[in-house]
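Each chain, letter by letter, is given below.
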Amino acid sequence: VLTLFFLGTGIFIAIILIRMMQRIVILPIISIGNVVAKVGEGNLDIKTDIKSNDELGLLGSKLNDMIYGLKEKRHLELENREIETRNKENKKYLDNINEGLILLNPDLTISKQYSKFITVLFNKEDIYGQRLSDFIYPDSDKNQKERKELDQFLTMVFEKVKTDMEMILSINPLFNKRLQIISPEGKGSEIIIDAHFQRIFKGNKVENVMIIFEDRTRIINIEQELEAARKKSQSELEQIAVILRAGSDSFLEFVQDAEMYISKSTGDINSIENIESLNSLLRNLHSLKGSARYMDLMQIA
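Our subject in this report is the structure included herewith. Keep in mind it's a predicted model, so treat the numbers as computed, not measured.

Considering the overall build of the protein
- For the protein, the helix and strand inventory stands at nine helices and five strands.
- Reading the protein from its N end, one meets helices and strands in the order α-α-β-β-α-α-α-α-β-β-β-α-α-α.
- Relative to its full complement of 301 residues, the protein shows a buried share of 28%.
- By sequence separation, contacts in the protein at least 24 residues apart represent 44% of the contacts at least 6 residues apart.
- Total accessible area on the protein is roughly 21300 Å²; 56% of this is exposed by carbon and sulfur atoms.

Below, the structure written as structure tokens:
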């Protein structure tokens, strides 16, 4: 009987130990194995649920940390892939637009995002990382005042977020700005640019400033040529009106006097080293000027 008692007791204890082993060791190991298998299949949303404070609990915690790290790594890889794809699309766009576009960083340096046209406009390559004032005004000694003015303006664009942009743009130092461009070969040319500024916000902070450069060289030069032609035409019309008012006899008399003064002045110029010739030249020119003023021919005067 005693033997049967001890045998029964032993079997009972063995059953309890086996169940404890299952609960404490085997089931957690199986759970960890299942989680590892799921992770191997690509499921990173799973995690172990072992609450014990022993080695298996520590192993489960480490496994959860590893899964979280893998998930973060995958997330970053996807973000980087998306950013890389977006940058490729942006580069394709920036390489084909006919506008000078620059994305400026808060430290006033040029980011990697800029159009190919900007390098053509300014005849410069590899502008990434340059300070904008250095890019626009490479001669620091000659353009010290302009560089300082541009830096102050850009700082206002980035930092004075509560100030109306229209008010800031009223002091835009790159509005119809005439610039001297020196090529890598040392050849100089002149361009006229107009820069437009647009803030790009991240929350309440300006993350970047987009600058679009418009080449107004041809337009401004044409406008100046038209203005010069207009003034010339206006002057000619005014002179015709003066002649008509004075009458043909007075005008012909003026022409005769002018031809005489010019003829005398030509002779005086040929012997200009003579003080008397110099005085005669000045008298003739003074008389011609007086006659022209009397006739209201102010351009000649």
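Still to come is the rest of the account.
Comments concerning the sheet that holds strand β1 (residues 100-104)
- The five strands are arranged β2-β1-β5-β4-β3 in an open sheet whose pairing can be described as antiparallel. Every other strand in the sheet has two partners, leaving β2 (110-114) and β3 (177-182) as the edge strands with one partner each. Sheet twist, expressed as the average angle between the axes of neighbouring strands with direction ignored, equals 40 degrees.
- Judged from the two bridges that link them, β1 and β2 form a sheet pairing that is antiparallel. The residue of β2 that forms the bridge with L104 is I110.
- Lying over the sheet, helix α5 (residues 144-159) contacts β1, β3, β4 (188-202) and β5 (205-215), oriented at roughly 130 degrees with respect to β5.
- Across the sheet, helix α7 (residues 217-246) is in contact with β3, β4 and β5; its angle to β4 comes to roughly 125 degrees.

Some remarks on the pattern of salt bridges
- Under the defined criterion, the tally for this structure stands at six salt bridges.
- When the shortest N-O distance is used, the salt bridge between R147 and D134 registers 2.6 Å. Of this pair, R147 sits in helix α5 while D134 sits in helix α4 (residues 132-136), and the two are 13 residues apart along the sequence.
- Where E227 meets R230, a salt bridge forms, and the shortest distance between an N and an O atom there is 2.7 Å. Of the two residues, E227 and R230 are both situated in helix α7; the distance of three residues between them amounts to about one turn of the helix.
- Among the residues examined, E227 registers a relative accessible area of 31% and is labelled partly exposed.

Points about the packing of aromatic side chains
- Tallied over the entire structure, the rule returns four aromatic pairs.
- Ring geometry for F122 against F213: centres 5.6 Å apart, planes inclined by 80 degrees, an arrangement best described as edge-to-face. Separated by 91 residues along the polypeptide, F122 in helix α3 (residues 116-122) and F213 in strand β5 bring together distant segments of the chain.
- You can call F122 buried: its relative accessible area is 0%.
- Owing to a relative accessible area of 2%, F213 belongs among the buried residues under this scheme.
- Plain terms: the ring middles of F153 and F197 are 5.0 Å apart, the flat faces sit at 70 degrees to each other, and that makes the pair edge-to-face. Of the two residues, F153 sits in helix α5 while F197 sits in strand β4, which places them 44 residues apart along the sequence. Each member of the pair, F153 together with F197, is buried.
- Taken together through their ring pairs, the aromatic side chains of F122, F135 and F213 make up a single cluster.

The rules behind each value
- Residues numbered from 1 in each chain as written.
- Predicted model: local features only at pLDDT ≥ 70, side-chain atom pairs only at ≥ 80, totals over all residues.
- Heavy atoms only, no water.
- Helix = DSSP H or I, 4+ residues; strand = E, 2+ residues; numbered from the N terminus.
- Buried < 20%, exposed > 50% of the residue type's maximum accessible area, 1.4 Å probe, protein only.
- Contact = heavy atoms within 4.5 Å.
- Areas by Shrake-Rupley, 256 points an atom, 1.4 Å probe, with all protein chains shown as cover.
- Pairing = 2+ DSSP bridges.
- Axes fitted to C-alpha atoms, helices over the stretch in contact; angles between N-to-C directions.
- Salt bridge = Lys/Arg side-chain N within 4 Å of Asp/Glu carboxyl O.
- Phe/Tyr/Trp six-rings, centres within 6.5 Å; stacked < 30°, edge-to-face > 60°.

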